[in-house]
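# Close look at the chain arrangement
Single-letter residue listing:
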Amino acid sequence: MNTIHDMGGMDGFGPVGPEENEPVFHHRWEGRVFALTRAVGRWGRGRNWPGFRFTLESIPPEEYLRMSYYERWFHMVASRLLGSGLVTEAELETGYADSGASPPEVLPASRSGSLGFGLLDLDVPARFRAGDRVRARNLHPRGHTRQPRYVRGRVGAVVEDYGVYALQDSDAAGQQPADQPQHVYSVCFEARELWGDRAAAGDSVYVDLWEEYLEPA
Amino acid sequence: MNESGGRPVDRRGFIRDSAVGAAAFTAPGKMMTERTEEAEVHDAHGHEHGHGHGHGHDHEHDHQDVPSDIALRVRALESVLIEKEMVDPAALDEIVDNFENRIGPQNGARVVARAWVDPDFRDRLLADGTSAVGELDYLGGQGEHMKVVANTDTVHNLIVCTLCSCYPWPTLGLPPVWYKSSAYRARAVIEPREVLREFGLDLSGDVEVRVWDSTAEIRYLVLPQRPPGTEDMTEEELAELVTRDSMIGTARVTPPPGGGA
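All values derive from a computational prediction rather than experimental measurement. Positions within a chain are numbered from 1, following the residues in the order the chain's sequence is written. Lettering of chains starts at A and numbering of ligands starts at 1, both following the order in which they are written. The predicted nature of this model means local features are confined to residues of pLDDT at least 70 and side-chain atom pairs, given and counted, to a pLDDT of 80 or more, with totals for whole chains, interfaces and linings taken over all residues. Side-chain metrics in this entry use all non-hydrogen atoms of the structure; hydrogen atoms and water are not considered.

## Focus: the interface of chain A and chain B
With 85 residues of chain A at the contact, the number on the chain B side is 83 residues. When two parts are brought into contact, each loses some accessible area as probed by a 1.4 Å sphere; the total of that loss over both is the buried area. Between chain A and chain B, a total of about 7600 Å² is buried, with carbon and sulfur atoms accounting for 62% of that surface. Put simply, a salt bridge is a Lys or Arg side-chain nitrogen that is within 4 Å of an Asp or Glu carboxyl oxygen. On the surface where chain A and chain B come into contact, there are 7 salt bridges. Between B:E191 and A:R198 there is a salt bridge whose closest N-O contact spans 2.9 Å. Pairing of N or O atoms within 3.5 Å defines a polar contact, subject to two protein rules: one partner must be a possible hydrogen donor and the other a possible acceptor, and residues neighboring in sequence count only if both atoms are side-chain atoms. If you look at where chain A meets chain B, you find 29 residue pairs in polar contact (both at pLDDT 80 or more). To qualify as a helix, a DSSP run of H or I must reach at least 4 residues; to qualify as a strand, a run of E must reach at least 2; elements of each kind are numbered from the N terminus. The set of elements that each furnish at least two residues to the side of chain A that touches chain B consists of helix 1 (28-39), helix 2 (52-57), helix 3 (61-66), helix 4 (69-83), helix 5 (89-94), strand 3 (155-166), strand 4 (181-190) and strand 5 (204-210) of chain A. Element by element, the count of residues in the side of chain A that touches chain B is highest for helix 4 of chain A, at 11 residues. In the scheme used here, Gly and all other residues not listed as nonpolar or charged are polar, with Ala, Val, Leu, Ile, Met, Phe, Trp, Tyr, Cys and Pro taken as nonpolar and Asp, Glu, Lys and Arg as charged. Residues of the side of chain A that touches chain B, tallied by class, amount to 47 nonpolar, 18 polar and 20 charged. Where strand 5 of chain A lies against strand 3 (residues 208-213) of chain B, 4 bridges are found, and the strand directions are parallel. Directly across from A:Y206, in strand 3 of chain B, lies its bridge partner B:W212. Contact definition: two residues touch when any of their heavy atoms are within 4.5 Å. By the convention used here, strands pair only if DSSP detects at least 2 bridges between them.

Right, here's the structure in full:
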């Protein structure tokens, strides 16, 4: 989806501003949100939780920019739990579990679609190989995608085939209706192809792109 | 929406009113008014709350004079999940402890130091990062598949995730706030040289800048250049020199004070 999370190339955000001796978590609640997000993962099985990136990207842009990083994560974990009925708004309001509710069950994975995130040992033919010139297709899906806007329509060169991974794109509801394993390539774009004269000649940006994001150039 | 305006708010009521905001996160349009009302509640009741320890129904919060609304919302969610036996509080503690104390850039520093002293390892690391990092047992969540890119006299590499915050957790830990910031995500790809100058790295025009945007499931680590004057240092001493930022690409590794051995 074309929203604020896809930030590459934007102006106006000011200096980067690193912090000396930064703690891993600045507040106790940040660590708790991080841990909760990790710990509740098994409750998503069989409940068709939208992808976590999709959920973060669905935050309206004004709110996205106003929230801190872990506030977004809290939104993500709370909305997943609320959306699948594992936690109710009343429970979040009171901080107490509803005593009348039956305890939630861990479900078997019902989504035959998910091959997960990792490298797959699947024999899928590769359309491209190192050295090929490719153009990033002009795609504007309404769901989650890993093709950043700044490469669309731009030409680069495949430098490495990273192997087969499941496409992580979702539909507009945050779901992956089917497995789409395909090759992921490291594609090198000359910086001037992306940014014109603002970039230095000779500099480049390497982007990891699933095969269906690309066409021969 | 929020009832707190017209009645006294006891401790339970305070917690509840704050937690209402958690639901408001799922309807973001309402959030600003919620927050304003909560701020008023905080002003009136910020000092009345318990300071016990542990989990469960006490709803203790951080030892702050005025707990933030988000801290209370998180506490409410955690309490509910524990009460429903959906999460184990000890497991939560362990996750936090791991990332605060065990998983961090000291791991990546050992990879870099090994590559500096062992040319065969360096070759393997650059040819197949996943396999070589695996030799040191630093693969895992958000770092299952690794690509290591080497800085040289003529090439400088910089890692970013423009779409979110992808980062090699097992070797570098969780990313710093600046790495996740809008400014870094927006600028690293379009004006990396300006960003690097802000970090104190002024690269000459004959150094090629390569920016790696972590858009898929491969995670990146920069192999910085070994600084001069470190020829006699041991692998362990070298690892002490390697900083997090040098492995993201926003810094060089600097020689030890006094020029090393």
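## Observations concerning the packing of helix 1 of chain A against helix 3 (residues 69-83) of chain B
Angles run from 0 to 180 degrees between N-to-C directions of axes, and those axes are lines fitted to C-alpha atoms, restricted for helices to the stretch in contact. Interhelical geometry of helix 1 of chain A versus helix 3 of chain B gives an angle of 40° and a closest axis separation of 9 Å. Classed by the angle they form, the pair helix 1 of chain A and helix 3 of chain B counts as oblique. Two packed elements cross with a definite hand, and for helix 1 of chain A against helix 3 of chain B that hand is left-handed. Contact residues: helix 1 of chain A offers A:R28, A:W29, A:R32, A:V33 and A:L36, while helix 3 of chain B offers B:I70, B:A71, B:V74, B:R75, B:L77, B:E78 and B:L81. Taken together, the residues of the contact of helix 1 of chain A with helix 3 of chain B break down into 8 nonpolar, no polar and 4 charged. For classification purposes, angles smaller than 35 degrees are called roughly parallel, those larger than 145 roughly antiparallel, those between 65 and 115 roughly perpendicular, and all remaining angles oblique. By the definition used in this description, the sense in which the near helix is turned from the far one sets the handedness, with an anticlockwise turn below a right angle giving left-handed and a clockwise turn giving right-handed.

## Points about the domain arrangement of chain A
Residues and elements named next belong to chain A. Taken domain by domain, chain A consists of domain 1 (1-111) and domain 2 (133-216). Centre-to-centre separation of domain 1 and domain 2, based on C-alpha positions: 26 Å. Counting residues at the interface gives 15 residues for domain 1, matched by 21 residues for domain 2. Both sides of the domain 1 and domain 2 interface together cover about 1300 Å² of buried area, and 37% of this is carbon and sulfur. At the junction of domain 1 with domain 2, the criterion picks out 2 salt bridges. Run the count over domain 1 and domain 2 and you get 10 residue pairs in polar contact (both at pLDDT 80 or more). A breakdown of the residues in the side of domain 1 that touches domain 2 according to their chemical character gives 4 nonpolar, 6 polar and 5 charged. An automatic or database domain assignment supplies the start and end points of every domain.

## Points about helix 1 of chain A
The end-to-end C-alpha distance of helix 1 of chain A, which contains 12 residues, comes to 16 Å, matching closely the 16 Å that a straight helix rising 1.5 Å per residue would cover. Among the 12 residues that make up helix 1 of chain A, 10 are buried, leaving the element largely enclosed by the rest of the structure. If you follow the buried residues of helix 1 of chain A, they end up packed against helix 4 of chain A together with helix 3, helix 4 (89-102) and helix 8 (169-172) of chain B. In a helix, the anticipated span is given by 1.5 Å times the number of residues less one. Partly exposed residues are those whose accessible area sits between 20% and 50% of the maximum for their type, while under 20% is buried and over 50% is exposed, using a 1.4 Å probe and protein chains only.

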